[in-house]
Each structure stands twice: as C-alpha cells, then as structure tokens.
Amino acid sequence: MAHNPDGNQKQVHYVGDSRVRADRPKLYPPDYSEFPGKSEAFFPDFLLKEWMVAAVFLVGFMTLVMAEEPPLGELADPTNTSFLPVPDWYFLFLYQLLKYKWASGPFVVIGTVILPGIAFTALLLAPWLDRSKERRPLKRPVATGIMIVSLISVAALTWAAEVEHEKQMESNPGETPENTKVIAQDEEGYRIYQKNACIKCHGDQLQGLNGPSLLGIGNRMKGEHKMTAEDIIKIIDEGRGAMPAGMFQGSEQEKKILAEWLMKQKQK
Amino acid sequence: MSKKLSRRQFLTYTFGGTAGFLASGMLFPMVRFAIDPVLKKGAGSEYVETTMTEAEITDSPKAVKFTIHRKDGWYQPPQGEEQTAWVFKQNGKVVALSPVCKHLGCTVNWNSNPQFKDEFFCPCHFGRYYKDGRNVPGTPPAKPLDKYKTKIENGRLLIGPLEKA
Amino acid sequence: MLRAIYDWVDERLDITPLWRDVADHEVPEHVNPAHHFSAFIYCFGGLTFFVVVIQILSGMFLAMYYVPDIVNAHPSVNYLQNELAMGAIVRGMHHWGASVAIVMLFLHTLRVFFTGSYKHPREFNWVVGMLIFFVMLGLGFTGYLLPWDNKAYFATKVGVEIAASVPVIGPYIATFLQGGDIVGAQTLARFFALHVFFLPAALLGLLGAHFILIRRQGISGPL
C-alpha cells in the first residue's frame, strides 16, 4: 500500500502497520514558554494546589450538608389540588417566562421554543458567532453585553418567580381539612381567641368568615419549614394581606398562649 | 537513597495526605450508610400466639403455622409472614424446631421418606435429622436444626425467637 | 513488592507513558491560584468535576436502598434518610450536590465565556461543554422526580406540560417522557433509567472528550 508506482514521489512512511502517517503532525499542546511567568509540573506541584482548593470546598460543602437536612415532602398525591408546583431553582426562570402574557396562551411557542431556542443555540454556537481573535471581555462589547443582559434577565426572572411563589404560598389557604373540629376548645387559648377580634374574621369554629380558615394551621408550611408559634405571633403583630397589624388587644403572655393554642390545631 | 526528604517527595506525601482527607471525607458517610444493616442490632422478636393448644402437642412432631410481623426496611406486609415450626413433646417439655435445613436452607419434613422412619428428611440433598433435631452423621447437614423458644399461656402455645445456639 | 507488580503490569500494558503524559505536563502560572489569587476563577471546572464525583458516589450508595416504584419510592427514601445511620448526610450530599454542581458549572461556563477561551482552536470543546451543561440539567430534571413527593410530582407535571406545548412534536415528547398518558408509575421507571444509566453514560463520555481536548489543545493563554 505504501508503494508508489511513480518513483519520483517521496515514499510515504506509516507508523508500524497502521495507516497513521509517520509524518502526521502531532496535536500535542504547545509548551507554555511564550506565556509570562513560570509554569510548573501538573503532578505533584499544581495538582496539590488544586487539591487544597478541593479540601476547602469539601469542608464547606459538608458543613452545608450537615446543617440542612434534605427536604422530603409528603407522598405524591395527584388529587391534591392545593399544592403549589414549583420546579427546582435552576428551571425557575423558564417557569416564570411562561407566566407572561406574551409568552403564554397563543404565544406559548415564544416561551417554550423560540426564546430558549435562541438562547441555547446562541450559546452552543458562540465560537462561530463571535469569531474575532480578541479575547478580553471589554474589547468585544457585543458578546459581553449580550451575555450580561441575558444573565440579568435570567436572574430577574428567577427572582420574580421566587417572589411570586412566596406570595402564593402565603395566601394559599391550604386544603380544607376533613376534620373540622376545633382542638382543645375548652382551653385558655380559645378564650383569648374569643375575646379578641380574631373570632370575627376567622370564625368561632376557625372555619373562616372574612378571613381564611385557621383549621389545620398547625400543619401549615412557611416556605420549606413548618410554621412555628413565632411565625404566628409575627402575623398577629404585623398583619398580613387584608389583616391589619396590631389587632390583638391582650398582653404578650396571652398572645403567646394564643399562638401555642393555634399550633395545636393540627386537623387533617 | 538519602535520608533527607526531597522537595518532590514532600510534595507527593502532602498530596497523598490531602487525597486521603478528600476520599475519607467523601466516603466515610457513604460507607457507614451502606454497612448500617451490618451494625444494626437484630430487633428482639416477640412471642407469637399459635392456633395450637397445649393438649394438642403430642410426642410426634406436628407442623404449626404462625404469623410474624417483621419490618423489612420500609416494607412490612400488612398480613404478616407465615412461618412453620415442628412442634412435639420430649420428656414432657415442648420443643419447636425450625424446618429450615442447616445444609442449604431447604425445608425439612417429618417422616416423609419411607426409607428413614421417624426422622426429619430434607428432599434437596437427603439431609436427615433425628427427632430431637440432631443431624444424622454422614448426611450433608453439619449442625442440628434450630429451636424456637416456646411458652404456654392460657393453654395455648406461643412461639418466640430462635434460640441462639 | 508493589514496584514489582507495577513493573510486571507495565511491561505488558505500557501504562507509564499514559500517566506520565498527564503527570509531567506543565501548567502555566496564570491559571495557578497560588501565584495570582484571581486565578481562582480557573478552579470552577475542576470543582464541577469534583462535585460530579461526589454525585456519582453518593448516587451509587443511595441506589443500595432506593426503589424506583410509586408505592415504595417515597417510603424507601424516607427510610434511608431517617432510619439509617448517616442517611440524611448521604442523601443531603446528593440533593445539595445537585444544586452546587449547577452553580459550579454555571461559574465555569461564565469564566470560559468572559475570558474568550472558547475561541479557535477550542470551539469544539465549548460545544462539548454546552452538551455537558444540557446533560446536567437533564440529570437535575429526572432526579427531582425520584423521591416521589408532592414537590417532585407536580414539578415534573409542569415540566412535561411545558414540553407538551411545543408545536407539532410536543405531545410526542410528553408521551415519551411520561411513558404513558399520565405522570405515574411508568414515568418514575423511565426517569430512573434516564437518571442512573442513560444520562450518566452520556455525561462520562462527554467528560472524557472534554478532558482529552483540554490536554490536546492546552489551556488558553493569559488575557
């Protein structure tokens, strides 16, 4: 195969018995002698430094892991109508995009295909869209500018989604519990509840009149965590939604008893 | 070889030490998690009531079914698991033998092979046991059958956990 | 002894040139955080890989207890998290690691973008990197469903509905993702398969290509 009938041409040499030409240019990297500064061997000099970074990172990561238990919600229940779906945070921007009028309903294609499609194609093809030799970000303002604008919009969308979700969570009345019996109605807590304005809006059976029902409030979630008595006191003090601040007329001690009594309302 | 540590050796040792820290930091929780079943103490089982009354226990082994409720990780069948014991009286004492052959875990039967009268017989590899559960020498099993702890309450037989040999 | 074993293997496998190439290649000063602290931005790629290693290991260990089935998935996750020693930590590593991996990947992508390192001759490595990004998002999406709690269920439902709204092929994508008409038993089974077999296989292949390309083309020069 290596024989060339025309004797004038140079003989082609191969590596061993393969078809790799012996004079095939090597793709091995340039040495870094043209770069300023010293270079050092990957192992052990450089990798040791990388591993120091990794060690610091691991300590931080494990601290986070030990501080925050991973959340596990209730068993999936397709009939649960009051659950507010929310994707993992890194999909929030896309989720939020689809809430806007110009990217939903008849224009949903804009939100699901066109905008993400443009963004991802542009990212994928970035090396061919930005072909100049210049690498410094300030010297290629278009690429840098587009990237910064996209980053800001993604961050803004994520933030808007988060805020909206929080708001929905707060006004979400939750599922009406099947059991509507007030727990511990003979306790001091209920008397305080009765004496104050609470009963006018939330009802004598906690069923809710002008305000939302308080049945099952002891199970209710605030963000990722169960609501606590402190959260309730905060709502009593500062009000929420249509509920004005400072409606409670009793003492701090009574307020605490009331909050703790409300936490007992764990009807399901 | 010189006794002095060269710079390269020092770097390599530090590198190895850091590698050990990284690996153990990552793997310790995971390995502890994986071997947890080995380190967990077996749950102390309780005595289970059977349908057999004391009067029904005779000198000849009878198979008694009983149901235990055991939690297997997250799984616990609501109807429980049915198990069997060979129950008989020996010198006035109640004996409940596990039917699991000590050879390879098949189920033994009383008096099931006409060749070997009044013996427990395992059909898998012809393991044999005397009535008191001792393995017949020369047959595959190397140990006697396990015994259950038993109790009589209100005239009924109760079966407990296996006795530790 | 070890030396003799190594020599015996090396004689037959000729492995010394392989690791010598990796171990002895020079690394320039401008990416070394020990020389210029600002070079820490070059660490994000390595840290992403480190988190990926944590994810693979913790995922393998979680799979010792997890059952991908709508009846047992939630109880098994609950069991491994609350009744096994270190269960909350191992699941925590996998759960939080997923988010940290996305963050690190994001920072790495931004570093490469703003230093213009994707330019010739490294265009192809940028493309491989973007594919890794998509695979990681896919891993996040499929893994989110596996605990089978309300959050997982409804997030997946929303995700599938978004896919379904794509014109023409949308309904087919949705049915493919669900494995049926609803988000249910079949969805969980195929999300599990995607999450632990298909996507990690793709990820490992792409990572291999990513690293070989870095070694072939070298690190981009200082700005």
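About the cut-offs
- Residues numbered from 1 in each chain as written.
- Chains lettered and ligands numbered in written order.
- Predicted model: local features only at pLDDT ≥ 70, side-chain atom pairs only at ≥ 80, totals over all residues.
- Heavy atoms only, no water.
- UniProt positions renumbered as here; feature names shortened; annotations may be inferred.
- Helix = DSSP H or I, 4+ residues; strand = E, 2+ residues; numbered from the N terminus.
- Expected span 1.5 Å × (residues − 1).
- Contact = heavy atoms within 4.5 Å.
- Buried area = accessible area lost by both parts, 1.4 Å probe.
- Salt bridge = Lys/Arg side-chain N within 4 Å of Asp/Glu carboxyl O.
- Polar contact = N/O pair within 3.5 Å; in protein donor to acceptor, adjacent residues only side chain to side chain.
- Nonpolar A, V, L, I, M, F, W, Y, C, P; charged D, E, K, R; others polar.
- Pairing = 2+ DSSP bridges.
- Disulfide = S-S within 2.5 Å.
- Axes fitted to C-alpha atoms, helices over the stretch in contact; angles between N-to-C directions.
- Parallel < 35°, antiparallel > 145°, perpendicular 65-115°, else oblique.
- Left-handed = near helix turned anticlockwise from the far one by under 90°.
- Phe/Tyr/Trp six-rings, centres within 6.5 Å; stacked < 30°, edge-to-face > 60°.
- Lys NZ or Arg CZ within 6 Å of the ring centre and 35° of its normal.

As named in an unreviewed UniProt entry, chain C is Menaquinol:cytochrome c reductase cytochrome b subunit, taken from Lihuaxuella thermophila. On record in UniProt, under Function (unreviewed entry), the comment for chain C is "Component of the menaquinol:cytochrome c reductase complex."

As named in an unreviewed UniProt entry, chain B is Menaquinol:cytochrome c reductase iron-sulfur subunit, taken from Lihuaxuella thermophila. Its UniProt record gives chain B the following Subunit (unreviewed entry) comment, quoted word for word: "The main subunits of the menaquinol:cytochrome c complex are a Rieske-type iron-sulfur protein (QcrA), a cytochrome b (QcrB) and a cytochrome c (QcrC)." Within the UniProt record for chain B, the comment given under Function (unreviewed entry) is "Component of the menaquinol:cytochrome c reductase complex. The Rieske protein is a high potential 2Fe-2S protein."

Undergrad: Please provide a residue-by-residue account of helix H1 (residues 2-13) of chain C, values included.
TA: It helps to recall that an α-helix has 3.6 residues per turn; residues three or four apart then point in one direction. Between its terminal C-alpha atoms H1 of chain C stretches 16 Å, which fits the 16 Å expected from twelve residues at 1.5 Å a residue. Immediately downstream of H1 of chain C, the backbone of Asp14 of chain C shows phi near 55°, a positive value.

Undergrad: Let's hear about the interface of chain B and chain C: which residues, and what values?
TA: Across the contact, 17 residues belong to chain B and 24 residues belong to chain C. Summing both partners gives a buried area of about 1800 Å² for chain B against chain C, and 78% of it is carried by carbon and sulfur. Taken as a group, Met30, Phe33 and Trp74 of chain B account for 46% of the area that chain B buries against chain C, more than any other trio of residues on that side. A salt bridge links Glu83 of chain C to Lys71 of chain B, with the nearest nitrogen and oxygen atoms 3.4 Å apart. Applying the counting rule to chain B against chain C returns six residue pairs in polar contact (both at pLDDT 80 or more). At the level of elements, helix H1 (7-34) and helix H2 (36-39) of chain B are the ones that each hand at least two residues to the side of chain B that touches chain C. If one sorts the elements of the side of chain B that touches chain C by residue count, H1 of chain B sits on top with eleven residues. Looking at the side of chain B that touches chain C residue by residue, the class counts come to eleven nonpolar, one polar and five charged.

Undergrad: Could you give me a rundown of the interface of chain A and chain C, with the residues and numbers involved?
TA: Taken together, the contacts link 72 residues of chain A with 77 residues of chain C. Of the roughly 7000 Å² buried between chain A and chain C on both sides combined, carbon and sulfur atoms contribute 71%. Counting every contact that joins chain A to chain C gives one salt bridge. Connecting chain A to chain C are 29 residue pairs in polar contact (both at pLDDT 80 or more). For the side of chain A that touches chain C, the element with the most residues is helix H1 (residues 42-67) of chain A, which contributes 14 residues. By the bridge criterion, three bridges tie strand S1 (residues 39-41) of chain A to strand S1 (residues 26-28) of chain C in an arrangement that is antiparallel. Bridging across to S1 of chain C, Glu40 of chain A finds its partner in Val27 of chain C.

Undergrad: Tell me what's going on with the UniProt feature "domain: Cytochrome b/b6 N-terminal region profile" (unreviewed entry) in chain C, and back it up with residues and numbers.
TA: UniProt tags residues 5-223 of chain C as "domain: Cytochrome b/b6 N-terminal region profile" (unreviewed entry). The annotated region residues 5-223 of chain C carries 71% helix and 1% strand content, and the separation between its end C-alpha atoms amounts to 46 Å.

Undergrad: Could you give me a rundown of the state of the cysteines, with the residues and numbers involved?
TA: Residues and elements named next belong to chain B. Applying the stated criterion across every chain yields a total of one disulfide over all chains. The side chain of Cys106 participates in a disulfide bridge whose partner is Cys124; the two sulfur atoms lie 2.0 Å from each other. In this structure, the disulfide formed by Cys106 and Cys124 twists by about -95° around the S-S bond and is classed as left-handed. Of the two residues, Cys106 is situated in the loop between strand S4 (93-97) and strand S5 (109-110) and Cys124 in the loop between strand S6 (120-122) and strand S7 (127-129); the sequence distance between them amounts to 18 residues. Unpaired in this structure, Cys122 has its nearest cysteine sulfur neighbour in Cys101, at a distance of 3.8 Å.

Undergrad: I'd love a proper account of the packing of helix H6 (residues 188-195) of chain A against helix H9 (residues 252-263) of chain A, names of residues and values included.
TA: Residues and elements named next belong to chain A. Where H6 contacts H9, the two axes come as close as 8 Å, and the packing angle between them is 110°. By the angle between their axes, H6 is roughly perpendicular relative to H9. H9 is crossed by H6, and the crossing has left-handed handedness. Across from Glu188, Gly189, Tyr190, Ile192, Tyr193 and Lys195 in H6, the residues of H9 making contact are Glu254, Ile257, Leu258 and Trp261. Its residues assigned to classes, the contact of H6 with H9 shows six nonpolar, one polar and three charged.

Undergrad: Explain the packing of aromatic side chains to me, and be specific about the residues and the numbers.
TA: Counted by the stated rule, this structure contains 32 aromatic pairs over all chains. Ring centres of Tyr193 of chain A and Trp261 of chain A lie 5.8 Å apart, and the angle between their planes is 45°; this geometry places the pair in the tilted category. Placement of Tyr193 of chain A in helix H6 and of Trp261 of chain A in helix H9 is noted, with a sequence separation of 68 residues between them. Of the aromatic side chains, those joined through ring pairs into one cluster are Trp89, Tyr90 and Phe91 of chain A together with Phe141 and Phe191 of chain C. A cation sits over an aromatic face here: Arg140 of chain A above Phe113 of chain C, 5.6 Å from the ring centre. In this structure, Lys151 of chain B packs its charged tip against the face of Tyr47 of chain B, placed 4.1 Å from the ring centre.

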